[in-house]
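# Architecture and fold: a report
Here's the letter readout for the chains.
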Amino acid sequence: SPSRAALMTGKTPQAAGLPGNAPSRKGHAGMPTEQVTIAEIMKEAGYTTGHIGKWHMGYTPETMPNQQGFDYSFGHMGGCIDNYSHFFYWRGPNRHDLWKNGEEVWHPGEYFLDLMIDEVNHFLDRNKDKPFFLYWAINMPHYPLQAAPKWREYYKDLPSPRDKYAAFVSTVDEYIGRALDKLKSAGLRENTIIIFQSDHGHSMETRTFGGGGNSGPYRGAKFSLFEGGIRIPAIITWKKGEIPQGEVRDQMAVNVDWLPTITDLCDIP
């Protein structure tokens, strides 16, 4: 939640008013409504705004996406869900958590990534002829580790829990590829700024079987302020001539930098 609030507001989590995780129970607020989100800024500038996926920044009508600058929203409001039943399983009682524009919707048995990519495609179809801002907050590889069957088979010979984590990451990669293919087929690839970023390092919690990710030479993981917990990949891509191509940068950057960067690239004050 703190990293999401920072991304949405361009402020530190403390300044954004959400220094800890927002409650995952309906009726509990999260980030204060007086905060100005990037969605509100983009909407005011004439962009259609969409949220798909995880929210976890408030679970009251006024702190859910549609009241935080998003014209369209589909996803779960709490911290995590089972990707087939769409229930929150952290602690009882189990609670269903899947919403479209503030209304609860039910898709039992349907894989959440399939639902999300369908929503991404529909959003692009509806808005391909006008400026749009889409926040696709993929809830994976957050636990539960429910990879697509073909990737579980592909990594079956890896030791546990690496096999489960690798399969989930490759599943995410595949679906991001589908979104890029959709942009290309719609003729939008060259004129769309795409940013990809994790929010923190891999989990070593019981719910991920104690690990599975890899932070390379850096110590620490999720919940750690060592580099393994906060030094994460970030990618931005746009058409040639607008940003440098094929470069790897190693200077300090944090997710509060994206709001001013995006608005600068889009010539929005």
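Conventions adopted
Residues numbered from 1 in each chain as written. Predicted model: local features only at pLDDT ≥ 70, side-chain atom pairs only at ≥ 80, totals over all residues. Heavy atoms only, no water. Helix = DSSP H or I, 4+ residues; strand = E, 2+ residues; numbered from the N terminus. Rg over C-alpha atoms; globule rule 2.2 N^0.38 Å. Buried < 20%, exposed > 50% of the residue type's maximum accessible area, 1.4 Å probe, protein only. Salt bridge = Lys/Arg side-chain N within 4 Å of Asp/Glu carboxyl O. Core = buried A, V, L, I, M, F, W, Y, C linked by side-chain atoms within 4.5 Å. Contact = heavy atoms within 4.5 Å. Axes fitted to C-alpha atoms, helices over the stretch in contact; angles between N-to-C directions. Parallel < 35°, antiparallel > 145°, perpendicular 65-115°, else oblique. Left-handed = near helix turned anticlockwise from the far one by under 90°. Nonpolar A, V, L, I, M, F, W, Y, C, P; charged D, E, K, R; others polar.

### Let's talk about the overall build of the chain
Along its length, the chain carries eight helices and nine strands. Computed over its C-alpha atoms, the radius of gyration of the chain comes to 18 Å, within 12% of the 18 Å expected for a compact globule of 269 residues. With the principal axes as the frame, the chain shows a C-alpha extent of 50 × 45 × 40 Å. Residues classed as buried in the chain amount to 47% of the 269 residues present.

### Regarding the pattern of salt bridges
Pairs can form between side chains of opposite charge once their charged atoms are near each other. Scanning the model with the defined rule gives twelve salt bridges in all. Note that Lys-164 is salt-bridged to Asp-163, the shortest N-O span being 3.5 Å. By relative accessible area, Lys-164 is classed as partly exposed at 25%. On the basis of relative accessibility, which here comes to 17%, the residue Asp-163 falls in the buried class.

### Description of the nonpolar core
Counting residues in hydrophobic clusters, the biggest one holds 35 residues, and the most contacted among them are Phe-112, Trp-136 and Met-140. Taken together, the elements giving at least two residues each to this core come down to strand E2 (72-76), helix H4 (112-127), strand E7 (132-137) and helix H6 (162-185). Ranked by residues supplied to this core, first place goes to H6 with nine residues. For Phe-112, the contacting residues outside a window of four places in its chain are Gly-53, Phe-74, Gly-75, His-76, Ile-81, Asn-83, His-86, Leu-98, Asn-139 and Met-140. With 24 residues, the next largest nonpolar core counts Met-8, Ala-16, Met-57 and Met-64 among its residues.

### With respect to the packing of H4 against H6
Close contact between H4 and H6 brings their axes to 10 Å; oriented N to C, the two are set at 15°. On the basis of their axis angle, the class for H4 and H6 is roughly parallel. Taken as a pair, H4 and H6 cross one another with a handedness that is right-handed. When H4 is examined against H6, the residues Leu-113, Asp-114, Ile-117, Val-120, Asn-121, Leu-124 and Asp-125 are found in contact with a partner set consisting of Thr-171, Tyr-175, Arg-178, Ala-179, Lys-182 and Leu-183. Broken down by class, the residue content of the contact of H4 with H6 amounts to seven nonpolar, two polar and four charged.

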